[in-house]
Amino acid sequence: MEVSVPMYTLSDFDFDLPPELIAQTALPERSASRLLQVTHTGLRDLQFSDVLGELSAGDVLVFNDTRVLKARFFGVKESGGKVEMLVERVINNADGAHSVHAQVRASKSPQAGSRIRLAEAFDVLVGERAGEFFTLHFPGDVFALIEQYGRLPLPPYINHEADDFDEQRYQTVYSRVPGAVAAPTAGLHFDHALLEQCRAKGVQLAYVTLHVGAGTFQPVRTENLSEHVMHSEWYTVPQATVDAINATKAAGRKVIAVGTTSMRALESASQSGRCVAGSADTNLFITPGYVFKTVDKLITNFHLPKSTLLMLVSAFAGVAAIKHAYAHAIAQRYRFFSYGDAMLLENCSQPETASD
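Residues numbered from 1 in each chain as written. Predicted model: local features only at pLDDT ≥ 70, side-chain atom pairs only at ≥ 80, totals over all residues. Heavy atoms only, no water.

J.: How should I be thinking about the nonpolar core in this particular structure?
T.: The nonpolar side chains of a soluble globular protein tend to be buried with one another. Tyr170, Leu266, Phe336, Met343 and Leu345 are the most contacted members of the largest nonpolar core, which totals 69 residues. The leading source of residues in this core is helix 6 (residues 308–317), at seven residues. When neighbours within four sequence positions are excluded, Tyr170 is seen to be in contact with Val68, Leu152, Pro153, Leu154, Pro155, Ala182, Ala183, Thr185, Leu188, Phe217, Ser338 and Tyr339. Val87, Val126, Phe134 and Phe138 belong to the second-largest nonpolar core, a separate cluster that totals 24 residues. (Core = buried A, V, L, I, M, F, W, Y, C linked by side-chain atoms within 4.5 Å. Buried < 20%, exposed > 50% of the residue type's maximum accessible area, 1.4 Å probe, protein only. Helix = DSSP H or I, 4+ residues; strand = E, 2+ residues; numbered from the N terminus. Contact = heavy atoms within 4.5 Å.)

Right, here's the structure in full:
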């Protein structure tokens, strides 16, 4: 059988969103958000707490337990020029010194060998460039310095500085491993009570770690999707999670990824055809035509126009289904993006046309 997959371009993933639908603050209750269920038979408007009714004993929910760093800093170069810095990734050198790759905004790029004073508290040494990022060497434990002096980096479409409420609500309740610069936002809808209800129903909870990078907010800029260079993110899939997935599959139950980051980790670990434990960098770019190997359902927020994440959910649920769902969500005044509402999607990643 010869399979034919429609050729999509960047314009196929654009849509107009009224600015007032971009959620600027989180709801007081995590599970009080809305949930749009998208199936092959149509759409259902639900509350997020209704997700419990869509889960069965023996299913497994896979969460991303990354924790958002206070990765944003303001500083001053030795010349006196002002700098804004966003940590992209924490790296450890062989000699044990702590370093980061960071975006640095300044009127003139800092030179290797120079120093930048951050938060009026400590100096970092500028090292070599790493593509679009600068390597910055910290004078001590990078995680401790970031936690003590950094600021929580809210997404660029949220128009206020992070406050105490954001510091609590822009983390999942199960966040554990520091390293992300953006939250795995589908998980923000789960509170402790809902997680306990899932366990009581017999739903397994499993975890991966994927440190979300700032590239998650970057739109694709090439009309030809094959020319896009995907940003890289580090992930790990533990053996316990693989075992839970295998048991779920063997029992004929469903693997549900909570968020596109969990999805990317699981699918990156499944390129051999089955999910295997391990840690690696992934630059997996999922577009329509990709056949998913592990995930059966996906819980996810609404994504930016022309973004890789919109392409991912379109690959998973179908381009036409996602366009219909987004049009419905806009008409029904759903809240969009990180602090917004959610969707529950089914895997429909079969080739859209085929001929013998």
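J.: How should I be thinking about the pattern of salt bridges in this particular structure?
T.: Evaluation of the coordinates by the stated rule reveals 12 salt bridges. Notably, a salt bridge pairs Asp281 with Arg89, separated by 2.8 Å at the nearest N-O pair. Within this pair, whereas Asp281 is found in strand 16 (residues 278–282), its partner Arg89 is found in strand 7 (residues 82–92), the two being separated by 192 residues in sequence. Residue class for Asp281 comes out partly exposed when judged on its relative accessible area of 45%. Each member of the salt-bridge network shares a partner with another, and the members are Lys70, Glu147 and Glu167. (Salt bridge = Lys/Arg side-chain N within 4 Å of Asp/Glu carboxyl O.)

J.: Which parts of the structure should I look at to understand the packing of aromatic side chains?
T.: Centre-to-centre distance and the angle between the planes together describe a pair of aromatic rings. As enumerated under the stated definition, the model contains 20 aromatic pairs in all. Ring centres of Phe15 and Tyr326 lie 5.2 Å apart, and the angle between their planes is 75°; on these two criteria the pair is classed as edge-to-face. Here Tyr326 lies in helix 7 (residues 319–331) and Phe15 lies in the loop between strand 1 (2–4) and strand 2 (34–39), a separation of 311 residues in the sequence. On the accessibility criterion, Tyr326 (3% relative accessible area) is buried. Relative to Tyr326, the ring of Phe302 has its centre 5.3 Å away and its plane inclined at 75°; by these criteria the two rings are edge-to-face. Placement of the pair is Phe302 in the loop between strand 17 (297–301) and helix 6 and Tyr326 in helix 7, with a sequence separation of 24 residues. Within the aromatic cluster, the residues linked to one another by ring pairs are Phe15, Tyr157, Phe302, Tyr326, Tyr334, Phe336 and Phe337. (Phe/Tyr/Trp six-rings, centres within 6.5 Å; stacked < 30°, edge-to-face > 60°.)

J.: How should the side chain of Arg264 be read in this particular structure?
T.: Structurally, Arg264 can be placed in helix 5 (residues 260–268). In this structure, Arg264 is in contact with Leu210, Met230, His231, Glu233, Thr282, Asn283, Leu284 and Leu312, ignoring residues within four places of it in sequence.

J.: Help me out: how do you make sense of the sheet that holds strand 13 (residues 204–210) in this one?
T.: Pairing is mixed across the open sheet formed by nine strands, whose spatial order is 3-2-18-17-15-4-13-14-16. Both outer strands of the open sheet, strand 3 (42–47) and strand 16, are each paired with one neighbouring strand and no more. Taking the axes of each pair of neighbouring strands and ignoring which way they run, one obtains an average angle of 25° across the sheet. Summarising the sheet, strand 13 and strand 14 (residues 233–237) pair through two bridges and their orientation is antiparallel. Each residue of the ladder has a partner; that of Leu210, found in strand 14, is Tyr235. Contacting strand 4 (60–64), strand 13, strand 14 and strand 15 (255–258), helix 4 (residues 239–250) crosses the sheet at an angle of about 135° to strand 13. (Pairing = 2+ DSSP bridges. Axes fitted to C-alpha atoms, helices over the stretch in contact; angles between N-to-C directions.)

J.: I would appreciate a short explanation of the layout of surface pockets in the present structure.
T.: Leftover empty space is mapped by rolling, across the atoms, a probe with the size of a water molecule. The space that makes up the largest pocket amounts to roughly 650 Å³. Lining the largest pocket are 29 residues, with Glu88, Phe133, Gly215, His231 and Ser232 positioned closest to its centre. Where the lining of the largest pocket is concerned, the elements lending two or more residues are strand 7, strand 8 (98–106), strand 12 (177–180) and strand 14. Ranked by the residues each element gives to the lining of the largest pocket, the list is headed by strand 7, at four residues. Taken as a whole, the second largest pocket encloses approximately 510 Å³ of empty space. Lining the second largest pocket are 20 residues, and of these Glu84, Leu86, Arg105, Leu154 and Pro156 lie nearest its centre. Elements with a contribution of two residues or more to the lining of the second largest pocket: strand 7 and strand 8. Looking at the lining of the second largest pocket, the element that brings in the most residues is strand 7, giving three residues. (1 Å grid on protein atoms, 1.4 Å probe; cavity = no way out; pocket = protein on both sides within 12 Å on 5 of 7 lines; lining within 4 Å. Points joined across faces, edges and corners; volume = space filled by probe spheres on them.)

J.: How do you make sense of the packing of helix 6 against helix 7 when you look at a structure like this?
T.: A pair of packed helices can be characterised by two numbers: the angle between their axes and the separation between those axes. Remark: helix 6 packs on helix 7, axes separated minimally by 6 Å, with the N-to-C direction vectors making an angle of 115°. Together, Leu310, Val313, Ser314 and Ala317 of helix 6 and Val319, Ala321, Ile322 and Tyr326 of helix 7 make up the contact between the two elements.

J.: What exactly am I supposed to notice about helix 1 (residues 142–149) here?
T.: Structural remark: α-helix, 3.6 residues per turn; residues separated by three or four positions point the same way. Residues Val142, Leu145 and Ile146 constitute the buried set of helix 1. Seen end-on, helix 1 carries its buried residues on one side only, within an arc spanning 100°. Its buried side turned inward, helix 1 meets strand 6 (72–77), strand 7, strand 8 and strand 10 (122–130). Sitting at the amino-terminal end of helix 1 is Asp141, which places a side-chain oxygen 3.0 Å from the backbone nitrogen of Phe143. (Arc of directions from axis to C-beta. Polar contact = N/O pair within 3.5 Å; in protein donor to acceptor, adjacent residues only side chain to side chain.)

J.: Looking at this structure, I do not really get the side chain of Ser99. What am I missing?
T.: Following the sequence through the fold, Ser99 ends up in strand 8. On the basis of relative accessibility, which here comes to 0%, the residue Ser99 falls in the buried class. Within the local environment of Ser99, its side chain forms a polar contact with the side chain of His137, the two groups lying 2.6 Å apart.

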